[in-house]
Amino acid sequence: MALTRHAPTILLSGLGLLATVGSVRLANRYEYGRDRARHQVAFADAASSVMLALEREVTAQLGVVEAMSAFFRGSERVEAEEFRTFAAVFLERFPGLEAVLWLEPTPEEAGAPTRYGVRFAEPAGAGLAALDFGSRATWRAAAEEAQRTGSSVSVEGLEAAERPLSRVVVRRAREKEVPGQGAREEVAVARAGLVVASTHLDDVAALVLDERLPGVQAVGGVDLYLFTDWSQGPVAPLHVHQVDQHPSSPAPALTAAGAQEGVHAVHRIPIGGASVLAVVRPAAPLAAPGWSTLGVFVLLAGVALTGASAVAVATLVSRTDSVTRLVDARTAMLRSATWELEARERHLRAIVENTVDGILTIDDQGRICTANPAVERMFGFPVEDLVGQPVSVLMPEPHRGRHEGYVQRYRADRASRVVGGLNEVEGQRADGTRFPLELSVSALGLGDGPAFLGVLRDISERKAVERMKDEFVSTVSHELRTPLTSMLGSLELLRDGLLGPLSETASRMVDVAYDSGERLVRLINDILDMERISTGGLRLRMEVLDGTELLEAAAQANRGFADLHGVLLARELATGPALVLGDRDRLLQVLTNLIGNAVKFSPPGGRVLLSMVRTDGHIVVHVTDQGPGIPEDFRARVFQPFSQADATDRRGSGGTGLGLSIAKAIVEAHGGSIWFESAAPRGTTFSFRLLSAEGPVTAGAPT
Amino acid sequence: MSPVPRVLHVDDDPAIREVVRLMLEGIGGMEVDSVEGGPAALARASQQRPDVVLLDVMMPGMDGPQTLRELRTLEGCADLPVIFLTAKVMRREMGQLQQLGAARIIQKPFRARELVEAVRAAVEELRRAP
């Protein structure tokens, strides 16, 4: 794994090193080629200077014969002293000059060869004076040719056998006899004379190379090979020399052909009608290709570049690893989130599919998008058949036929009595039977997709229970009211004297019985109301009512009760319309409860004030008594069912303890509120507020 | 129509029949004929043509609504004022009774004055009818 991760770095490093090695080799070759070219140029310079110096020196030394020939050609005779002096100058001037001779050919007897005896020789004492130049055939031939042609003729030297590079040049100086001016013993007079100069070319070469010629040192010295080419035999080296500085001196012996292989320079040096082949070679060959500066630089640069690249790749790989780890971590998180979402979706699907409520989604055209199994159980349509169908297939007539109109109206103005609320509707099963439904429709607002969510609950059983309860309540009410009717009717007849006069005690007892009977009726009515309120069955018949008239009717209805308690009912009514939207019977029931309480708790001779004001679009009704006020510890329970401030209070004996809680429920069912203000020990005001239907209300004077 | 209103009261409870008769005769000065059930009421109505019928709702055999429907089929009784006397108090039930065409619905228990005034009002309406 780690090897795989580092493979790019290793591969790049290997390739980089290979490229570096290749580049180094190329750089070294380039440097070597450049050095070789420079070396060749330098060698050419060095060789040229060597050749020029050698030719110049050879020409100068052998030029002795020319000079002396020219000198003695114009002289009448050649004297020994003069010759010696002249020759000594040249010998001193040219160290390579071995000897200078003056030959005078002497004719022998007829037919005999000419004798070329040495007349003068310098340096003296070298045994040269007795030398017969004609004793050697090559010399004789040279002397004869020189005498005949008048040109310089070169031939092997005096010590040719020992020193092959010794050369002799012969030149004719005089060609006719000069008549004698008198006998002088010390002056030799010859008819003809030849000048001979002998020299050693290796000495000349040594002189030349010892001059430290320019350029020679720069190429590390040169080897000088001199070959004769005047003989017809094989070319053989005459001389080999090498600069002293060269560690491998002397230079290896080479043939003329071998000397002309490789780097070399050739020059032909003329010597007395012949010539010497001079070959110059570099003493030390150019060093083999090795490390060059450029190569070292390329190596360092290549290694540095390879290292930097490897580091960069390693960093990149490391960063890639980090990114990979990050991606893996994110992938794991996403996978975990996906699992969680899937689990949540399964959870939600399980809820949707197992709930007893039907759940539908509906598009904005009123078509069913999805339906859960409860819908199928509820309506008897397979879910797959419902999808795509208008939701009205689940409705009975007339809603089925009108539903398309509902949908169009909703799309137009977004106004609906169904969307956003809980409604009891009727559904129709696949077999055509109808059943009650509780329907909740919500706008989803998802943009694309379903526009509405509908939750359906089959309330058939609940409705059946409600009907049973209604029947029970109705039956109980009937069974209680029927005997109460005959009982209260009889007592009323007795009380009113229609059945004859009663004694005072009997009359009082009839009143007690009648009041108890009425209390029983009120109790029954209140219990029925409480049952309706607790089950949400309190239905209001809303209509626009005149508050003034409503208050008047309430006062009228309770006037008898107030008179019975010796309490004055006063009214402070609004002038003009004071319209409210409400259920007349239920609002009268609220007023009756409040007025009844106020009367009961007012002292005899006291006053109960009914007033009504309009504020901020509301109608507020006040019922104020002059009673003892509500005890502090009872105020929190005033509107609770079956609550009475003092159960032993005689004035409260006619109440059921339900009136105020029923009044509160009725007012709140109208969207209003009810409250009280009590200034114990005197006076309490109960108030309730209803929404005004229209028109301003102003307070009027008491009547 | 006689100057004294003739009232046919139908109720299966004899005590209530007696109390109602005393109220209407004693206070209202009316003539009251009481029967205990629907069939008897139909027979009496076809014979005597009362001015007003007081009809109990819950009765064994033929109940009040059924009696009313039968009554309307009798000759001369199509517009006969009928006042239901009922111990039912549910609004749904009250609405159903109104749909039957009753002139009044009086809840039990009722006061004598309330009953008498309701009968008188029904008689007056009948007399004013063309």
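Just so you know, the residues in each chain are numbered from 1, in the order the chain's sequence is written. For this description, chains carry letters from A and ligands carry numbers from 1, given in the order in which they are written. Owing to the predicted nature of the model, reporting of local features is limited to residues with pLDDT of at least 70; listing and counting of side-chain atom pairs is limited to 80 or more, with chain, interface and lining totals taken over all residues. Only hydrogens and water are set aside when side-chain values are computed; all heavy atoms of the structure are taken into account.

S.K.: Tell me about the interface of chain A and chain B, and name the residues and values.
M.R.: At the junction of the two partners, chain A supplies 28 residues and chain B supplies 23 residues. Interface area, chain A with chain B, both sides summed: about 2,200 Å², of which 60% is carbon and sulfur. In terms of surface lost to chain B, no three residues of chain A exceed His-478, Arg-481 and Thr-485 of chain A, which account for 24% of the buried area on that side. Any carboxyl oxygen of Asp or Glu within 4 Å of a side-chain nitrogen of Lys or Arg constitutes a salt bridge here. Among the ionic pairs, Arg-111 of chain B bridges to Glu-518 of chain A, the shortest N-O distance being 2.5 Å. Contacts described as polar in this section are N or O atom pairs within 3.5 Å, which, within protein, must combine one atom able to donate a hydrogen with one able to accept it, while residues neighboring in sequence count only if both atoms come from side chains. Applying the counting rule to chain A against chain B returns four residue pairs in polar contact (both at pLDDT 80 or more). Put simply, DSSP H or I for four residues or longer makes a helix, DSSP E for two residues or longer makes a strand, and each gets a number counted from the N terminus. For the side of chain A that touches chain B, the secondary structure elements donating two or more residues are α10 (460–495), α11 (504–534) and α13 (584–601) of chain A. Considering every element that reaches the side of chain A that touches chain B, the biggest residue donor is α10 of chain A, with 15 residues. Think of it as three bins: nonpolar holds Ala, Val, Leu, Ile, Met, Phe, Trp, Tyr, Cys and Pro, charged holds Asp, Glu, Lys and Arg, and polar takes everything else, Gly as well. Of the residues contributing to the side of chain A that touches chain B, the split by class is ten nonpolar, eight polar and ten charged. Contacts were defined at the residue level, with two residues in contact if any of their heavy atoms lie within 4.5 Å. A 1.4 Å probe defines the accessible area here, and the buried area is the portion of it lost by two parts on being joined, summed over both.

S.K.: So what's going on with the confidence of the model for chain A? Which residues, and what values?
M.R.: Values of pLDDT, which run from 0 to 100, indicate the predictor's confidence residue by residue. In the predicted model, chain A carries a mean pLDDT of 80, and 85% of its residues have values of at least 70. With pLDDT under 50 throughout, residues 647–653 of chain A is counted as low confidence; its partners more than four residues away or in other chains account for six contacts.

S.K.: Report on the nonpolar core, specifying residues and quantitative values.
M.R.: What we call a nonpolar core is a set of buried Ala, Val, Leu, Ile, Met, Phe, Trp, Tyr and Cys residues that are connected through their side-chain atoms within 4.5 Å. Each residue is assigned to one of three classes by its accessible area relative to the maximum for its type, calculated with a 1.4 Å probe on protein chains only: buried under 20%, partly exposed between the two thresholds, exposed over 50%. Counting residues in each nonpolar core, the largest one holds 44 residues, and the members touching the most others are Leu-54, Met-68, Phe-83, Val-100, Leu-224 and Val-280 of chain A. By residue number, the principal contributor to this core is helix α1 (residues 2–73) of chain A, which donates 13 residues.

S.K.: Got a sec to walk through the pairing of strand β2 (residues 31–35) of chain B? Specific residues and values, please.
M.R.: All names here are of chain B. In terms of strand pairing, strand β1 (residues 6–10) meets β2 through five bridges, oriented parallel. Of the residues in β2, the one forming a bridge with His-9 is Ser-34. Crossover handedness is defined by viewing with both strands directed away from the observer: a clockwise path from the first strand over the helix to the second marks the crossover as right-handed. Handedness of the crossover joining β1 and β2 through helix α1 (residues 14–28) is recorded here as right-handed. Between any two strands, at least two bridges found by DSSP are needed for them to pair.

S.K.: Which residues make up the sheet that holds strand β12 (residues 358–362) of chain A, and what values go with them?
M.R.: Residue and element names in this part refer to chain A. Reading across from one edge, β13-β12-β16-β15-β14 is the order of the five strands in this open sheet, with antiparallel pairing throughout. The open sheet terminates on both sides in strands that have one partner only, identified here as β13 (368–371) and β14 (422–428). Averaged over all adjacent pairs, the angle separating strand axes in this sheet is 30 degrees, with direction ignored. The axes used here are C-alpha line fits, helices contributing only the stretch in contact, and every angle between their N-to-C directions lies in the interval 0 to 180 degrees.

S.K.: Give a detailed account of the packing of α10 of chain A against α1 of chain B, specifying residues and quantitative values.
M.R.: Contact pair α10 of chain A / α1 of chain B: the axes reach a minimum separation of 9 Å and the direction vectors enclose 35 degrees. The handedness of the crossing between α10 of chain A and α1 of chain B is left-handed. Touching Thr-482, Thr-485, Ser-486, Gly-489, Ser-490, Glu-492 and Leu-493 of chain A of α10 of chain A are Ala-15, Ile-16, Val-19, Leu-22 and Met-23 of chain B, all from α1 of chain B. Helix crossings get a hand from a simple test, with the near helix turned counterclockwise from the far one by less than a right angle marking a left-handed crossing and a clockwise turn marking a right-handed one.

S.K.: Would you mind going over the pattern of salt bridges in detail, with residue names and values included?
M.R.: Any two side chains of opposite charge can pair if their charged atoms end up close together. Residues and elements named next belong to chain A. Counted under the stated rule, the structure contains 27 salt bridges over all chains. Glu-426 serves as the salt-bridge partner of Arg-434, at 3.4 Å between the closest nitrogen and oxygen. Glu-426 sits in the partly exposed class, given a relative accessible area of 37%. The partner of Glu-549 in a salt bridge is Arg-584, with the nearest N and O atoms 2.7 Å apart. Taken together, the residues span a long stretch of sequence, with Glu-549 in helix α12 (residues 547–564) and Arg-584 in helix α13 at a distance of 35 residues. Connected through shared salt-bridge partners, Glu-424, Glu-438, Arg-462 and Lys-463 make up one network.

S.K.: Can you explain the environment of Val-407 of chain A? Please cite residues and give values.
M.R.: Residues and elements named next belong to chain A. Mapped onto the elements of the fold, Val-407 is located in helix α9 (residues 399–413). Judged by its relative accessible area of 11%, Val-407 falls in the buried class. Between the C-alpha atom of Val-407 and that of Gly-366, which follows or precedes it by 41 residues, the distance is 6.4 Å.

S.K.: Give me the sheet that holds strand β4 (residues 82–86) of chain B: which residues, what numbers.
M.R.: Residue and element names in this part refer to chain B. A sheet is described by the order of its strands in space; here five strands give the open sequence β2-β1-β3-β4-β5, paired in parallel fashion. The open sheet terminates on both sides in strands that have one partner only, identified here as β2 and β5 (104–107). Shown here is a sheet whose adjacent strand axes are inclined to one another by a mean of 20 degrees, direction ignored. Against the sheet, α1 contacts β1, β2, β3 (52–56) and β4, and its axis sits at roughly 170 degrees relative to β2. The sheet strands contacting helix α3 (residues 64–72) are β3 and β4, and the helix crosses β4 at an angle near 170 degrees.

S.K.: Now, about the pairing of β13 of chain A: what can you tell me, with residues and values included?
M.R.: Residue and element names in this part refer to chain A. Relative to β13, β12 runs antiparallel, the two sharing three bridges. Each residue of the ladder has a partner; that of Leu-360, found in β13, is Ala-371. Connecting the antiparallel pair β12 and β13 is a turn made up of five residues, with Gly-366 showing a positive phi of about 85 degrees.

S.K.: Any chance you could break down the packing of aromatic side chains for me, citing the residues and the numbers?
M.R.: Residues and elements named next belong to chain A. Any Phe, Tyr or Trp ring, taking Trp's six-membered ring, that has another such ring centre within 6.5 Å forms a pair; planes under 30 degrees apart are called stacked, those over 60 apart edge-to-face, and the others tilted. Going through the model one piece at a time under the given rule, you end up with six aromatic pairs over all chains. For the ring pair Phe-639 and Phe-676, a centre distance of 6.1 Å and an interplane angle of 50 degrees mean the geometry is tilted. Of the two residues, Phe-639 sits in the loop between β21 (618–625) and α14 (659–669) while Phe-676 sits in strand β22 (residues 673–678), which places them 37 residues apart along the sequence. Residue class for Phe-639 comes out buried when judged on its relative accessible area of 18%. Site record: aromatic cluster; members linked through ring pairs are Phe-639, Phe-676 and Phe-686. For Arg-495, the ring lying beneath its charged end belongs to Tyr-514, and the centroid distance is 4.2 Å. For a Lys NZ or an Arg CZ to count as sitting over a ring, it must be within 6 Å of the ring centre and within 35 degrees of the ring normal.

S.K.: Could you give an account of unusual backbone geometry, with specific residues and numbers?
M.R.: Going from Glu-397 of chain A to Pro-398 of chain A, the amide bond is cis rather than trans, its omega being 10 degrees. Among the structural elements, Pro-398 of chain A can be located in the loop between α8 (383–386) and α9. For Arg-49 of chain B, which is not a glycine, the phi torsion comes out positive at approximately 50 degrees. On the accessibility criterion, Arg-49 of chain B (36% relative accessible area) is partly exposed.

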